[in-house]
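Each chain is listed here by its residues.
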Amino acid sequence: LDFDITPVISAEANSYWFGSILSVVGHELGHICLSHTVRGDWSNSVSRNDERQADLFAHSVVTTTPFAKYTVLSTLFTEVVFAWLHKNHNGPATTHPHSEERVMNTINSHEELLAGYGITKDNIGSFLPN
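Residues numbered from 1 in each chain as written. Predicted model: local features only at pLDDT ≥ 70, side-chain atom pairs only at ≥ 80, totals over all residues. Heavy atoms only, no water.

Describing unusual backbone geometry
- With phi around 60 degrees, S35 is a residue other than glycine that occupies positive phi space.
- Tracing the chain through its elements places S35 in the loop between α1 (6–33) and α2 (36–39). (Helix = DSSP H or I, 4+ residues; strand = E, 2+ residues; numbered from the N terminus.)

Some details on a nonpolar patch on the surface
- Together, W17, F18, I21, V25 and L29 line one region of the surface with nonpolar side chains, adding up to about 480 Å² of accessible area.
- Within the secondary structure layout, I21 lies in helix α1.
- Classification of I21 by relative accessible area gives partly exposed; the value is 39%. (Patch = residues over 30% accessible without salt bridge, like charges linked within 9 Å, V, L, I, M, F, W, Y side chains within 5 Å. Areas by Shrake-Rupley, 256 points an atom, 1.4 Å probe, with all protein chains shown as cover. Salt bridge = Lys/Arg side-chain N within 4 Å of Asp/Glu carboxyl O. Buried < 20%, exposed > 50% of the residue type's maximum accessible area, 1.4 Å probe, protein only.)

As for the packing of helix α4 (residues 68–85) against helix α5 (residues 99–109)
- Following both chains from N to C, one finds α4 and α5 inclined at 160 degrees, their axes separated by 8 Å at the closest point. In terms of orientation, α4 and α5 fall into the roughly antiparallel class. Two packed elements cross with a definite hand, and for α4 against α5 that hand is left-handed. The segment α4 lies against α5, with V72, T75, L76, E79, V80, F82 and A83 engaging S99, E100, R102, V103, T106 and I107.
- When its residues are assigned to classes, the contact of α4 with α5 shows seven nonpolar, three polar and three charged. (Axes fitted to C-alpha atoms, helices over the stretch in contact; angles between N-to-C directions. Parallel < 35°, antiparallel > 145°, perpendicular 65-115°, else oblique. Left-handed = near helix turned anticlockwise from the far one by under 90°. Contact = heavy atoms within 4.5 Å. Nonpolar A, V, L, I, M, F, W, Y, C, P; charged D, E, K, R; others polar.)

The structure is reproduced here in structure tokens:
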């Protein structure tokens, strides 16, 4: 069997890259649609809550696209990486929620899809720093 898997891997990688971009666009669109940009209150607690709402908006939007799988998995992967990058940051969250919270919010928003890949609330801790 002579099969070149390179185009398949390339297509998958491009799809995850596109999924990441779509996730960011959905998040920023959430800020606009939810009027976060015109309110003028920039305190840390309000900003953190705005970020959570924009994340939820993006989660609801991406599930309606054919790229849902790529967007959800790339979002989860990105937040796991950020959790590791910030693992020694023990201070309170400032303008954005900690990555661990965002990981759990992603799982809560997409439990069924992620369970299909073996990712659950019960086992996600093995991917996160202690």
